[in-house]
Amino acid sequence: MKGITVYLVRHGQTWFNHFNKMQGWCDSPLTDNGIKDGTKTGVILRNVAFTHAYCSDTMRATRTADLILSKNVTGKIPLTVTQYFREQFYGYFEGEDSSKTWYEVGFPHGAKTYPEILEKYGVDASKDFMHDADPFHEAEDARTYWTRLMKGFRQLRAENHEGDKVLMVSHGTTIRSIVDKFGKNDGYVVTDSPRNGSISKILLTDEGIKVLSYNEFEA
């Protein structure tokens, strides 16, 4: 089956990851381990002949993309920064402790952790719950989130061709959401977050989007 193969890579570890803080549109630098994450993934993907590379418009994604591309042996690859594959916006909860936040978001629904919310209600419901729990109601709900993401997929289709291999450095919840939406019927389970630097692959075809792999460390 031909199409556009997209290598979805989660950025390297950041300081907010290290401190277990909510990190959506807010940003923090890569840690030393995060730099190693990007370098390791670059080595794994060094022989993949990417025709185009993209990354979210965050410092952590851009830095990771640069690290990966610096190891690629197939020549100079154009890098496009795009807002469409930015992480979910957590609104009022940006920068808050993750466990505390998900307890507050899930408790009204009988769930005390993020994995419990996902198991009981699903990924999209977690977005709607957060939007409702945000006192400013600025956190992205599922409809707002997917409106943005689908613009990103249209961008990828418009700027690439059949048979192309594309790098996309994005974020944990974004990659998890994509795999959940388009790969659930194929048995992909997303209660475990994609690891920093991990590789998930999807195929964009005329028929839609197919998930090929999730949360791996292989080309």
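The name an unreviewed UniProt entry gives the protein is 2,3-bisphosphoglycerate-dependent phosphoglycerate mutase, with Lacticaseibacillus paracasei as the organism.

Draft legend 1. Focus on the UniProt feature "site: Transition state stabilizer" (unreviewed entry) in the protein. The UniProt entry lists His171 under the feature "site: Transition state stabilizer" (unreviewed entry), expressed in the numbering used here. Along the polypeptide, histidine 171 turns up in the loop between strand E4 (165-170) and helix H8 (172-183). By relative accessible area, histidine 171 is classed as buried at 0%.

Draft legend 2. Layout of the pairing of strand E1 (residues 4-10). Of all seven residues that make up E1, seven are buried, and the element is covered over most of its length. Neither face of E1 is open: one carries Ile4, Val6, Leu8 and Arg10, the other Thr5, Tyr7 and Val9, and all of them are buried. Where E1 and E4 come together, six bridges link them in parallel fashion. Its bridge partner lying in E4, threonine 5 is registered against lysine 165.

Draft legend 3. A look at the side chain of aspartate 141. When you line up the elements, aspartate 141 lands in the loop between helix H6 (123-133) and helix H7 (142-159). Put simply, aspartate 141 is tucked away with no salt bridge, and the nearest opposite charge, on arginine 143, sits 7.0 Å away. For aspartate 141, the residues in contact, after removing those within four places along its chain, are Lys127, Asp128 and His131.

Reading guide: rules and limits
Residues numbered from 1 in each chain as written. Predicted model: local features only at pLDDT ≥ 70, side-chain atom pairs only at ≥ 80, totals over all residues. Heavy atoms only, no water. UniProt positions renumbered as here; feature names shortened; annotations may be inferred. Helix = DSSP H or I, 4+ residues; strand = E, 2+ residues; numbered from the N terminus. Buried < 20%, exposed > 50% of the residue type's maximum accessible area, 1.4 Å probe, protein only. Pairing = 2+ DSSP bridges. Lys, Arg positive; Asp, Glu negative; His and termini not counted. Salt bridge = Lys/Arg side-chain N within 4 Å of Asp/Glu carboxyl O. Contact = heavy atoms within 4.5 Å.

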